[in-house]
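Now for the letters of each chain:
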Amino acid sequence: MSQHIPTRLYLSENELPTSWYNLRADMKEKPAPMLHPGTLKPVVSDDLAPVFCMGCIEQELDETSREIPIPDALMGFYRSFRPAPLIRANFLEKALGTPAEIYYKFEGTNTSGSHKLNSAAAQAFYAKQEGMTSLTTETGAGQWGSALSMACAFYDIKLTVFMVKVSSQQKPYRKALMETYGAKVIASPSDTTESGRKILADFPDTGGSLGCAISEAIELAVKTPNCRYVLGSVLNHVLLHQSIIGQEVKAAFDKYGVKPDVIIGCAGGGSNLGGLIAPFMGAKLRGEADYRFIAVEPASCPSFTRGKYAYDFGDTAKTTPLMKMCTLGNGYMPPPNHAGGLRYHGMNSTLSKLYKDGLLEVRTAVQNEVFDAAARFAKSEGILPAPESSHAIKAAIDEALECKKTGEKKVILFGLSGTGYFDMSAYQSYNQGTLTDHVPADEELEKGFASLPNIAR
Ligand SMILES: *Cc1c(COP(=O)(O)O)cnc(C)c1O
């Protein structure tokens, strides 16, 4: 007889996973290596050392260690906000009338509001350990900046955040939160860096983009002593840190005897999705179990489904190493009417590879249907979801409704990557019926592709 499964699948403190899981270790064919933009040779740690902390560089370049222990001191910080709740969506299931079981992992209970704190905590920890006194970063919607501000306050490190200009105007409370934790917030593009000034000269009216903000943050980091740059998504070490999400889900599911059939996450740069699916994808790659994996991206920034699988820069000023990924081109500017987050031009290289290998399904959704799903979820489960996370909710609801048609009792898991508390102006637009659905025309995408570097591999 199967044991009783509670609404919340609890893990006690001593059941928490104590290592991250490195999915690349189980991939027979590895993702294409990062290339040095000058030599076009695979990067080595010395290439990255001026920009990133060594702890993160080692993890970035490590394709073989399967389990990477979480340092004890960091584990202590993790315990202050983890485990994140894993919840059975009983009320949503009822509202949908589906025979499917739906579970979600909610990463929005910490004050910064999302999964991003998992990597922010790790990156601030390594910076402190390596004697850094300050860090720089970019933030789009503000979640990453908030998470890193919180982590830097914890480890007593100075932080400068370049915040995409439109977001800083739309989200003044995010800025206030970061400043409360002690961070300095600068709207990007700004006149404080060469790359910012150049972008302003070329596009005086731009609302900014993550790519621009990254260029500014890297420039400041390399020009400041004992300062490094940290990135909140896209890179493989960030996915590694986020594997704590999937590790916890796996531990709880194993404890209660639940096996998911479908695992769904939203994808911007790929970190929450990559972290959620990691241990399950690993089991699939090793031939131990089978699952379906679904990524959901916004129709207005469709890097997986309409991007090119090519080497590209991570930033607009073309300063980062080259990554082979599904990309809309570093020059792609997502439409300014896009409220739903997930605005980055490229996708993590490991997830891009899995997608190209047919191991990951990808769907797109437009803003209004995403917010419809968010409202439906909020009404039944009570939690107000982040617009980003609501892309995953949309697909989970669609899967559950499909089960209603076929009568299948699938077990659906989705990642609820964050809270929507800081997105009230987007909810306001939705409620007033003023959100528009913009799907870029091929010509708009061509402009982005034109910015791709010309590299024959
Ligand atoms: C940043 C963010 C995302 C997108 O980033 P990924 O790296 O793709 O996970 C998704 N959800 C929330 C709540 C976020 O803050």
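Caption draft 1: Expanded view of the overall build of the protein. When helices and strands are tallied, the protein shows 18 helices and 14 strands. Its C-alpha radius of gyration of 20 Å places the protein within 12% of the 23 Å reference for a compact globule of 457 residues. Taking the principal axes of the C-alpha coordinates as reference, the protein spans close to 65 × 50 × 45 Å. A total of 457 residues make up the protein; the buried ones form 62% of that total. A fraction of 77% describes how many contacts in the protein between residues 6 or more apart in sequence connect residues 24 or more apart. Counting every atom, the protein has about 17,300 Å² of accessible surface; 52% of that belongs to carbon and sulfur. Separation between the mean location of the 46 positive side-chain charges and that of the 49 negative ones in the protein comes to 2 Å.

Caption draft 2: Here's a closer look at the packing of aromatic side chains. Scanning the model with the defined rule gives 17 aromatic pairs in all. For the ring pair Phe52 and Tyr229, a centre distance of 5.7 Å and an interplane angle of 55° mean the geometry is tilted. Here the residue Phe52 occupies a position in the loop between α1 (45-48) and α2 (54-61), and Tyr229 occupies one in strand β8 (residues 227-229), the gap between them amounting to 177 residues. Here Phe52 matches Tyr229 in class, with each residue buried. Centre to centre, the rings of Tyr103 and Phe253 are 5.2 Å apart; their planes meet at 75°, and the pair counts as edge-to-face. A residue pair is termed long-range when its members are at least 10 positions apart, and Tyr103 in strand β4 (residues 101-106) and Phe253 in helix α11 (residues 236-256) qualify at 150 residues. Exposure remark for Tyr103: the relative accessible area of 0% places this residue in the buried category. Counting every residue linked through ring pairs, the aromatic cluster contains Phe77, Tyr78, Phe81, Phe125, Tyr126, Phe154 and Tyr155. Note that Arg174 overlies the ring of Phe422, its terminal NZ or CZ placed 3.9 Å from the centroid. Lying across the ring of Phe449, Lys308 places its NZ or CZ 4.0 Å from the centre.

Caption draft 3: Focus on the site of the ligand. Close to the ligand lie 18 residues, the nearest being Lys116, Ser233, Gly268, Ser271 and Ser417. Between the ligand and Gly268, the relevant distance is 2.7 Å, taken from an oxygen atom to a main-chain nitrogen or oxygen of the residue. Between the ligand and Ser271 there is a distance of 2.7 Å, counted from an oxygen atom to a side-chain nitrogen or oxygen. Across the complex, the protein chains shield 94% of the 380 Å² of accessible surface that the ligand would expose by itself. Elements with a contribution of two residues or more to the shell around the ligand: α12 (271-285) and α16 (387-406). For the shell around the ligand, the class distribution of residues is four nonpolar, 12 polar and two charged.

Caption draft 4: Local environment of the sheet that holds β4. A sheet is described by the order of its strands in space; here six strands give the open sequence β3-β4-β14-β9-β10-β13, paired in mixed fashion. Single-partner strands in this sheet number two, and they are β3 (86-88) and β13 (361-365). Each strand axis lies, on average, 25° off the axis of its neighbour in the sheet, ignoring direction. Relative to β13, strand β10 (residues 292-298) runs parallel, the two sharing five bridges.

About the cut-offs
- Residues numbered from 1 in each chain as written.
- Predicted model: local features only at pLDDT ≥ 70, side-chain atom pairs only at ≥ 80, totals over all residues.
- Heavy atoms only, no water.
- Helix = DSSP H or I, 4+ residues; strand = E, 2+ residues; numbered from the N terminus.
- Rg over C-alpha atoms; globule rule 2.2 N^0.38 Å.
- Buried < 20%, exposed > 50% of the residue type's maximum accessible area, 1.4 Å probe, protein only.
- Contact = heavy atoms within 4.5 Å.
- Areas by Shrake-Rupley, 256 points an atom, 1.4 Å probe, with all protein chains shown as cover.
- Lys, Arg positive; Asp, Glu negative; His and termini not counted.
- Charge placed at Lys NZ, Arg CZ, Asp CG, Glu CD.
- Phe/Tyr/Trp six-rings, centres within 6.5 Å; stacked < 30°, edge-to-face > 60°.
- Lys NZ or Arg CZ within 6 Å of the ring centre and 35° of its normal.
- Near = heavy atom within 4 Å.
- Polar contact = N/O pair within 3.5 Å; in protein donor to acceptor, adjacent residues only side chain to side chain.
- Nonpolar A, V, L, I, M, F, W, Y, C, P; charged D, E, K, R; others polar.
- Pairing = 2+ DSSP bridges.
- Axes fitted to C-alpha atoms, helices over the stretch in contact; angles between N-to-C directions.

Structural measurements only, silent on function.
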